[in-house]
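This is what each chain is made of:
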Amino acid sequence: MATEYTFSAEELARIADIRRRYPTARAALMPVLWMAQEKFGWLSRGVIELVAQTLGLSPAEVYGVATFYTMYHTEAHGRYVLDLCTCLSCQVLGAEELLHYLEERLGVRDGQTTPDGLFTIRHTECLGACGSGPVLMLNNRRYVHRLSRERLDQLLEELRQGRIPEFESIPLPERHWENEEPS
Amino acid sequence: MTNWKAYRPLLLPPIRGLDRIEVYEQHGGYEALRRVLAEWTPARVIEEVKASGLRGRGGAGFSTGLKWSFMPPPDGRPRYLCVNGDESEPGTFKDRQILEFNPHLLIEGALIAAYAIQATAIYLYIRGEYADWIDRVEVALLQARERGYIGERVLGTDWSIAFYVHRGAGAYICGEESALMESIEGKRAYPRQKPPFPAQRGLWGRPTTINNVETLANVPLIIRHGAEWYNQIGAPKHPGPILYGISGHVNRPGVYELPSGMPIETLIYEVAGGIRGGKRLKAVIPGGSSTPPLRADQIAGVTMDAESLRAAGSMMGTAGMVVLDEDTDMVRVLVRIAEFYHHESCGQCTPCREGTGWLVKILRRIERGEGKPADLELLLEICNQMEGRTVCALADAAAWPVRHTIQRFREEFEARCRGSLFSVPEPIPSTSQ
Ligand SMILES: Cc1cc2nc3c(=O)[nH]c(=O)nc-3n(C[C@H](O)[C@H](O)[C@H](O)COP(=O)(O)O)c2cc1C
Ligand code: SF4
Ligand code: FES
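## A short note on the overall build of chain B
Looking only at helices and strands, chain B features 18 helices and 9 strands. Against the 2.2 N^0.38 benchmark of 22 Å for 433 residues, chain B shows a C-alpha radius of gyration of 22 Å, consistent with a compact globule. Over its C-alpha atoms, taken along the principal directions, chain B stretches across nearly 75 × 45 × 35 Å. Across the 433 residues in chain B, those meeting the buried criterion constitute 64%. Nonlocal contacts in chain B, meaning residues at least 24 apart in sequence, comprise 69% of its contacts between residues at least 6 apart. Summed over its atoms, the accessible surface of chain B is roughly 15,500 Å², and 51% of this surface lies on carbon and sulfur atoms.

Structure representation (structure tokens):
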């Protein structure tokens, strides 16, 4: 069956390059799934078949891997996916209230997409940014730190205007004792 | 630990632009690699790292030099070093600072380790969420390749090494070393039964060593300054600098580099500026969500090293310390920890797959005020059924916080059950407090 999805010649060259990093074609699967998801937005059945065909794997194998990892989308989603950490450190800083605030603001529940297709909100597990929590991840990449209701309002506004926040480097905390007089 | 204030950071020194290779080189970067390749046998590197006392920073605290010595002699076929940058244990956010601020220290450490175990390729596994940091590391790797530190015939010697980044895609279990290898192989990340251990049969069945990002970042320091210098830093049995990640209810959260063996009280009150809003401390989770919480009255004199924490009834874990103030609802905290492990269980083993689900179910019932008389014992019984009975340690990591939080905050759990229609539960035998 001909599929409506294809990789360009340039993408196929990149895939060949990825394959050279590993002794098996199978091992190229995760990087190629990443490529496919970035190109097509999510891993629909047709995309899974394309990846399978490209690497000489069965669609079942590819689907099995795609569903094991939470960052691979096997369902359609909004233009902006907001993964808000509600895990341990963020939870004790009020992340669950922030999630409810987002739900209220957008009129959808955890895991759902707004009717205009703009936002999908999800709670997520620890993002590894506990010291600058509560934190969320935008579209599998950009971290937005030190969230508050105000910061969320501002973020939604920016995204509505199509503006993605810049990468924010959180500096190491000040070593205040180094400036003190030795006692 | 009297003179911790005089300690100056070695893993994350305050040097602007250190992520650029020329700045890193100006500050002595890649000299350790040069020296090792020019003058040292692989065996000597292993001996030096053994003598340094370096212990793994990924959670288990195993001797790094000893782990390297388990690799069989080279046989001309491929063998691997995996660098574990999956960093997903709640409360842990230190490896990311190395990736951002000092990636070449990690790269140099990984190269020295690869030389020591005579690896042919390095796979640096980084959790998928760290996409922005992966891009930065890729730039650093490109720079290192251009300077001849990576590739064919490194620095003109006859040693060659390949170095690749593998991006994860959101699954805590990939941090478990055998699951990490499955994930690199392009599979669902189901941990493997051990033995055989990775040094015997690892990636693609070949000898493999797995080390944490922070562990490897220590290696160039040991080569540069010597094992003896290194094991003078911090706690004698657990020496070296530690990246303490402090989060939760403190005034100044973040990653602080200080010697091992820092008193918990000093870290909370002096380093991280004390509890927010002048509140009192209720509990500390010392090293990531799987390490048993200590009550405020249990931390006096306890220091951050394996020995002291074990004696106090907890563990060092990842040194990702979560500080909880007096208003914290311990039942809610424990529900959320249990939910994490339930979500992340790979589902291979019945005690883990079912056990984590039951823990969540019963804890939620208690949280809602619908706890039944025997629920607390039931939870402990489920922990008994989970611990030590599974393919990997995730089941243990899920059970420990439940067991110890209930034992150490029993009144809070009982009070929740008392609100229910049922009678008060029997007291719990407090054996392994
Ligand atoms: C469920 C589970 C998750 C783990 N997650 C991580 C992790 O995210 N990062 C890490 O370095 N080690 C993790 N570990 C420990 C690794 O299996 C392994 O011991 C470690 O990477 C070895 O490196 P080290 O000796 O340098 O500490 C995990 C272990 C288990 C059982
Ligand atoms: S203990 Fe849990 S996570 Fe580990 S292999 Fe078994 S089911 Fe999977
Ligand atoms: S708990 Fe939210 S980033 Fe770690």
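## Focus: the site of ligand 2
If you check the shell around ligand 2, you find 13 residues, and the closest are B:C346, B:Q348, B:C349, B:C352 and B:C392. When grouped by side-chain class, the residues that make up the shell around ligand 2 number 9 nonpolar, 4 polar and no charged.

## Some remarks on the pairing of strand β7 (residues 281-285) of chain B
Consecutive side chains of a regular strand alternate in pointing toward one face of the sheet and then the other. Residue and element names in this part refer to chain B. For β7, the tally of buried residues reaches 5 of 5 residues, placing the bulk of the element in the interior. Pairing analysis gives 2 bridges linking β7 to strand β8 (residues 294-295), with the strands arranged antiparallel. By the bridge assignment, V284 is partnered in β8 with L294.

## Points about the sheet that holds strand β2 (residues 119-124) of chain A
All names here are of chain A. Spatial strand order, β2-β1-β3-β4: 4 strands in an open sheet with mixed pairing. The open sheet has two edge strands with one neighbour each: β2 and β4 (142-144). Geometrically, the sheet is characterised by an average inter-axis angle of 25° between neighbouring strands, direction not taken into account.

## Things to note about the domain arrangement of chain B
All names here are of chain B. Split by domain assignment, chain B resolves into domain 1 (4-230), domain 2 (236-325) and domain 3 (330-417). Relative to domain 3, the C-alpha centre of domain 2 lies at a distance of 23 Å. Taken together, the 14 residues of domain 2 in the interface contact 12 residues of domain 3. Approximately 1,100 Å² of surface area, both sides summed, lies buried where domain 2 meets domain 3, with 66% of it carried by carbon and sulfur atoms. Run the count over domain 2 and domain 3 and you get 1 salt bridge. Between E412 and K282 there is a salt bridge; the shortest N-O distance is 2.7 Å.

About the cut-offs
Residues numbered from 1 in each chain as written. Chains lettered and ligands numbered in written order. Predicted model: local features only at pLDDT ≥ 70, side-chain atom pairs only at ≥ 80, totals over all residues. Heavy atoms only, no water. Helix = DSSP H or I, 4+ residues; strand = E, 2+ residues; numbered from the N terminus. Rg over C-alpha atoms; globule rule 2.2 N^0.38 Å. Buried < 20%, exposed > 50% of the residue type's maximum accessible area, 1.4 Å probe, protein only. Contact = heavy atoms within 4.5 Å. Areas by Shrake-Rupley, 256 points an atom, 1.4 Å probe, with all protein chains shown as cover. Near = heavy atom within 4 Å. Nonpolar A, V, L, I, M, F, W, Y, C, P; charged D, E, K, R; others polar. Pairing = 2+ DSSP bridges. Axes fitted to C-alpha atoms, helices over the stretch in contact; angles between N-to-C directions. Domains from an automatic or database assignment. Buried area = accessible area lost by both parts, 1.4 Å probe. Salt bridge = Lys/Arg side-chain N within 4 Å of Asp/Glu carboxyl O.

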